[in-house]
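# Descriptive analysis of the structure
Chain by chain, the residues:
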Amino acid sequence: MKKFVKNFLPYTLIAMAVLFINLFILRFSFVSGRSMEPTLHDGNCVLLWELAYRPLAGDIVITDSENPIKSHLIKRIIATAGQHVRLSGNQVYVDDILLEEPYLGEIAVYEDMDFIVPDNTCFLMGDNRNHSRDSREIGCLSYEHILGKVLFRLF
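Residues numbered from 1 in each chain as written. Predicted model: local features only at pLDDT ≥ 70, side-chain atom pairs only at ≥ 80, totals over all residues. Heavy atoms only, no water.

## Some details on the side chain of Arg76
Counted only if it meets this: Put simply, DSSP H or I for four residues or longer makes a helix, DSSP E for two residues or longer makes a strand, and each gets a number counted from the N terminus. For this analysis, residues touch if any pair of their heavy atoms sits within 4.5 Å.
For Arg76, the location among the structural elements is in strand 4 (residues 74–80). Setting aside chain neighbours within four positions, we find Arg76 in contact with Met36, Thr39, Gly58, Asp59, Ile60, Tyr103, Phe123, Leu124, Met125 and Asp127.

In structure tokens, the structure reads:
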């Protein structure tokens, strides 16, 4: 029995560590859909940071499915709680500053919106604005429904 424990204990500890890391710190996820093109494409694998993540404007995040679409979403944070968002024509303003968005693939045209992001929520948009169901449609999402930040694309 001692030999069995000695031989398999390291593998058991490694498996437990990998499981812990996957559940609470880092997670692999796959992009589904075109809403983040040209930044991310359908089928890309991304690495997600979950541990003590605090939403910041500009971050690409993945949400849980607790939203009106009832699906996990991958979007860019445009604004966080307390910020003033204004969409007009083909421009986005945050706190009355025109948002520089070099990651957009095509010009988007927005319905006019003007609001303050509510407490403990953020305003999310896909990079492929003309083909994205995001906060323009479903409203701001609570921080508690953000699983984490995309660190990088693996493939």
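From this point on, the discussion continues.
## Quick look at the sheet that holds strand 7 (residues 97–98)
For the record, the criterion: Here a strand pair is declared whenever DSSP counts at least two bridges between the two strands.
Strand order in the open sheet formed by four strands is 7-6-5-8, with antiparallel pairing between adjacent strands. In this open sheet, the two edge strands, each paired with only one partner strand, are strand 7 and strand 8 (110–116).

## So, the pattern of salt bridges
What counts is decided by this rule: One speaks of a salt bridge when a side-chain nitrogen belonging to Lys or Arg is within 4 Å of a carboxyl oxygen belonging to Asp or Glu. Burial classes follow relative accessibility: with a 1.4 Å probe on protein chains only, a residue under 20% of its type's maximum area counts as buried, one over 50% as exposed, and anything between as partly exposed.
Inspection of the entire model under this criterion finds seven salt bridges. The closest approach of N and O atoms between Lys149 and Asp59, which form a salt bridge, is 3.6 Å. Taken together, the residues span a long stretch of sequence, with Lys149 in strand 11 (residues 146–153) and Asp59 in the loop between strand 2 (45–49) and strand 3 (60–63) at a distance of 90 residues. The class of Lys149 is partly exposed, set by a relative accessible area of 28%.

## Here we look at the packing of aromatic side chains
To be explicit about the condition: Aromatic rings from Phe, Tyr and Trp, taking only the six-membered ring of Trp, are treated as a pair when their centres fall within 6.5 Å; an angle between ring planes under 30 degrees marks them as stacked, one over 60 as edge-to-face, and anything in between as tilted. Comment: the charge-over-ring label is applied if NZ (Lys) or CZ (Arg) is within 6 Å of the ring centre and within 35 degrees of the ring normal.
The tally for this structure, following the rule as stated, stands at two aromatic pairs. Residue placement shows Arg76 over the ring face of Tyr103; its charged tip is 3.6 Å from the ring centre. In this structure, Arg86 is placed above the aromatic ring of Tyr93, and the distance from its NZ or CZ to the ring centre is 4.1 Å.

## Considering the nonpolar core
Convention followed: Side-chain atoms within 4.5 Å are what join buried Ala, Val, Leu, Ile, Met, Phe, Trp, Tyr and Cys residues into a set we call a nonpolar core.
Counting residues in hydrophobic clusters, the biggest one holds 12 residues: Ile78, Ala79, Val85, Leu87, Val92, Val94, Tyr103, Ala108, Tyr110, Val117, Phe123 and Met125. Ignoring anything within four residues of it in the chain, the contact list for Val94 reads Ile78, Ala79, Gln83, His84 and Leu99.

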